[in-house]
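# Report on the structure
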Amino acid sequence: MKTNRDALLLIAFRLFLKNGYDQTRMQDLVAASGLSKGAFHHYFPRKADLLNACIEHFFGRFLPDMDPSAHQHFEDLVLDGARQYTQLIDELTSLEIPLPAYQRFVWSLLPEHSESFIERQRTIEDRLTQLAEQDLAQRRLVSTNTARTLAIQAMALTEGLGVLWAATPPKKKATPRAFFEHSCKAWLNDLS
């Protein structure tokens, strides 16, 4: 097997999920890679560098684009976030990474080790809040909740759908994208 940066990320990510970040030693990562210690350190000199690369590769690139022109309404960003989350689920599934392990990783490790990831989530929450304020003022949304509460609910809905998808065996023809889209649209319809 040819070992490259992406292969190292997958190897490391699987070990982090299996053993936990703190319990995974650099020598475990080097041994699993099949590379020499020097070759491995050429790609990732420190375990923290590898973790940050895994976070960006497996999570960060799926966060919605925060370009203000990309999302003009609350609904657009909610549905785009759900769509991108299902792309992550599809990729994790194709790599045979168990979704419950991914969710434990997100909830336990990311807040402690990735300020940049947390900042990106705050940016999404802020943009959702801005769009909700705009849409509430234009009466595109109807709610007694504040715009910030709607933003937090939208983010919790998406993550909660991921938990539900991981915990419930999907029906034969069900896809995460259809499940997320249907659920998000049902919630959004209650707000319009």
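Please refer to the structure placed before this passage.
Thresholds, definitions, all that
Residues numbered from 1 in each chain as written. Predicted model: local features only at pLDDT ≥ 70, side-chain atom pairs only at ≥ 80, totals over all residues. Heavy atoms only, no water. Phe/Tyr/Trp six-rings, centres within 6.5 Å; stacked < 30°, edge-to-face > 60°. Helix = DSSP H or I, 4+ residues; strand = E, 2+ residues; numbered from the N terminus. Buried < 20%, exposed > 50% of the residue type's maximum accessible area, 1.4 Å probe, protein only. Lys NZ or Arg CZ within 6 Å of the ring centre and 35° of its normal. Core = buried A, V, L, I, M, F, W, Y, C linked by side-chain atoms within 4.5 Å. Contact = heavy atoms within 4.5 Å. Expected span 1.5 Å × (residues − 1).

Here we take up the packing of aromatic side chains. A complete count under the given rule lists ten aromatic pairs for this structure. Where F13 meets F59, the ring centres are 5.8 Å apart and the plane angle is 70 degrees; that geometry is what we call edge-to-face. You can see F13 sitting in helix α1 (residues 5-19) and its partner F59 sitting in the loop between α4 (47-58) and α5 (74-94), a full 46 residues away along the chain. F59 shares its class with F13; the two are buried. Ring geometry for W165 and F179: centres 5.6 Å apart, planes at 40 degrees, overall tilted. Note that W165 is positioned in helix α9 (residues 147-167) and F179 in helix α10 (residues 176-191), a separation of 14 residues in sequence. Take W165: its relative accessible area is 12%, and that puts it in the buried class. The class of F179 is partly exposed, set by a relative accessible area of 26%. In this structure an aromatic cluster arises from ring pairing among F13, F58, F59, Y85, Y102, W165, F179 and F180. The side chain of K47 reaches across the aromatic face of Y21, ending 4.3 Å from its centre.

Once that is clear, we can look at the nonpolar core. Ranked by internal contacts, the top residues of the largest apolar core, which has 56 residues, are F13, F16, F58, F59 and F74. Mapped by element, the contributors of at least two residues to this core are α1, α2 (26-33), α4, α5, α6 (99-108), α8 (115-137), α9 and α10. Here F16 is in contact with Y21, T24, L29, K47, L50, L51, C54 and F105, once residues within four sequence places are set aside.

Let us now look at unusual backbone geometry. Although it is not a glycine, E96 adopts a positive phi angle of roughly 60 degrees. Along the polypeptide, E96 turns up in the loop between α5 and α6. Of note, the phi angle at R139 is positive, near 65 degrees, even though the residue is not glycine. Residue placement: R139 occurs in the loop between α8 and α9. Given a relative accessible area of 71%, R139 falls into the exposed group.

Here T24 shows up in the loop between α1 and α2. With residues near it in sequence (within four places) discarded, T24 still touches L15, F16, N19, L29 and K47.

Over its 23 residues, α8 extends 33 Å from the first C-alpha to the last, a length consistent with the 33 Å expected when each residue adds 1.5 Å. Here α8 has its buried residues at F117, I118, I124, R127, L128, T129, L131, A132 and D135. Taken from the residues just after α8, R139 is the one with a positive phi, measuring 65 degrees.

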